[in-house]
Amino acid sequence: MTERQTAPAADRKNGRHESDVLLRQLDGHLARLQADQPGHTGHELALAERIAHHLRALIRETVRASAVDRARVRAAVHYFVVRNRDARHPHSHARPAHVDIWVVNDIIRDLGRHDLLIPEPSIA
């Protein structure tokens, strides 16, 4: 087989591996939030779970997408997952989950997947 014939199979395998890594990152992030770290209200956790649900769908839908589109999905997941890493420091604050929705929705729109847009929470 030529290099050209084997490349698509390698790309699919890499895409699946990359997807598995992203899914594990999402699961780990939600597990940390569910462990009731300080500053996470039930409302914030519910928003985080909703964002993760939509990101999981996006990950599944882009396994065979172009490298550029997969990079966009990776960026959305990383943005969401690292949102609270600095919150452990006493002088920093975690950004609210609704900001994550805006950013993730922008990436979803860029991918043309309007069916996966995350509904923004209503302000009561």
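Remember, predicted model here, so these are calculated numbers, not experimental data.

### Regarding the pattern of salt bridges
Tallying each qualifying case throughout the model produces seven salt bridges. Between Glu61 and Arg113 there is a salt bridge; the shortest N-O distance is 3.4 Å. With Glu61 in helix H2 (residues 42-61) and Arg113 in the segment after helix H4 (97-110), this pair connects stretches of sequence that are 52 residues apart. A salt bridge links Asp115 to Arg113; its shortest N-O distance comes to 2.7 Å. The exposure class of Asp115 is exposed, given its relative accessible area of 54%. Here the salt bridges do not stand alone but share partners, grouping Glu18, Arg70 and Arg74 into one network.

### Describing the nonpolar core
Formed by 25 residues in total, the largest nonpolar core has its most connected members in Leu26, Ile51, Leu55, Leu58, Val77, Phe80 and Val104. Elements represented by at least two residues in this core include exactly helix H1 (3-34), H2, helix H3 (67-81) and H4. Top contributing element to this core by residue count: H2, with eight residues.

### Considering the confidence of the model for the protein chain
When pLDDT is averaged across the protein chain, the result is 80; 72% of the residues are at 70 or more. Per-element confidence in the protein chain is highest for H3, whose mean pLDDT is 93, and lowest for H1, whose mean pLDDT is 75. When the criterion is pLDDT under 50, residues 1-7 qualifies, and its contacts beyond four places in sequence or with other chains add up to one contact.

### So, the packing of H2 against H3
Between H2 and H3, the shortest axis-to-axis distance is 10 Å and the interhelical angle comes to 160 degrees. Taken as axis vectors, H2 and H3 run roughly antiparallel relative to one another. Crossing hand, H2 versus H3: left-handed. Contact residues: H2 offers Ala48, Ile51, Ala52, Leu55, Leu58 and Ile59, while H3 offers Val73, Ala76, Val77 and Phe80. Split by residue class, the contact of H2 with H3 holds 10 nonpolar, no polar and no charged.

### Some thoughts on the packing of H3 against H4
Relative orientation of the contacting elements H3 and H4 amounts to 175 degrees, with a least axis distance of 10 Å. By the angle between their axes, H3 is roughly antiparallel relative to H4. Residues Arg72, Ala75, Ala76, Tyr79 and Phe80 of H3 form the contact with H4, whose own contacting residues are Val99, Asp100, Val103, Val104, Ile107 and Asp110. For the contact of H3 with H4, the residue count by class is eight nonpolar, no polar and three charged.

### Here's the deal with H4
Relative to the 20 Å expected for 14 residues at 1.5 Å per residue, H4 spans 20 Å between its end C-alpha atoms, a close match to the ideal helical length. On its buried face, H4 sits against H2 and H3. Gly112 lies just past H4 and shows a positive phi near 75 degrees.

### Considerations on the environment of Leu58
Along the chain, Leu58 falls in helix H2. Looking at Leu58, the relative accessible area reads 0%, which means it is buried. When the C-alpha positions of Leu58 and Val73 are compared, they lie 7.1 Å apart, and in sequence the two are 15 residues distant. Apart from the residues within four sequence positions on either side, Leu58 is in contact with Val73, Ile108, Leu111, Arg113 and Leu116.

The rules we used
Residues numbered from 1 in each chain as written. Predicted model: local features only at pLDDT ≥ 70, side-chain atom pairs only at ≥ 80, totals over all residues. Heavy atoms only, no water. Salt bridge = Lys/Arg side-chain N within 4 Å of Asp/Glu carboxyl O. Helix = DSSP H or I, 4+ residues; strand = E, 2+ residues; numbered from the N terminus. Buried < 20%, exposed > 50% of the residue type's maximum accessible area, 1.4 Å probe, protein only. Core = buried A, V, L, I, M, F, W, Y, C linked by side-chain atoms within 4.5 Å. pLDDT = per-residue confidence, 0-100. Contact = heavy atoms within 4.5 Å. Axes fitted to C-alpha atoms, helices over the stretch in contact; angles between N-to-C directions. Parallel < 35°, antiparallel > 145°, perpendicular 65-115°, else oblique. Left-handed = near helix turned anticlockwise from the far one by under 90°. Nonpolar A, V, L, I, M, F, W, Y, C, P; charged D, E, K, R; others polar. Expected span 1.5 Å × (residues − 1).

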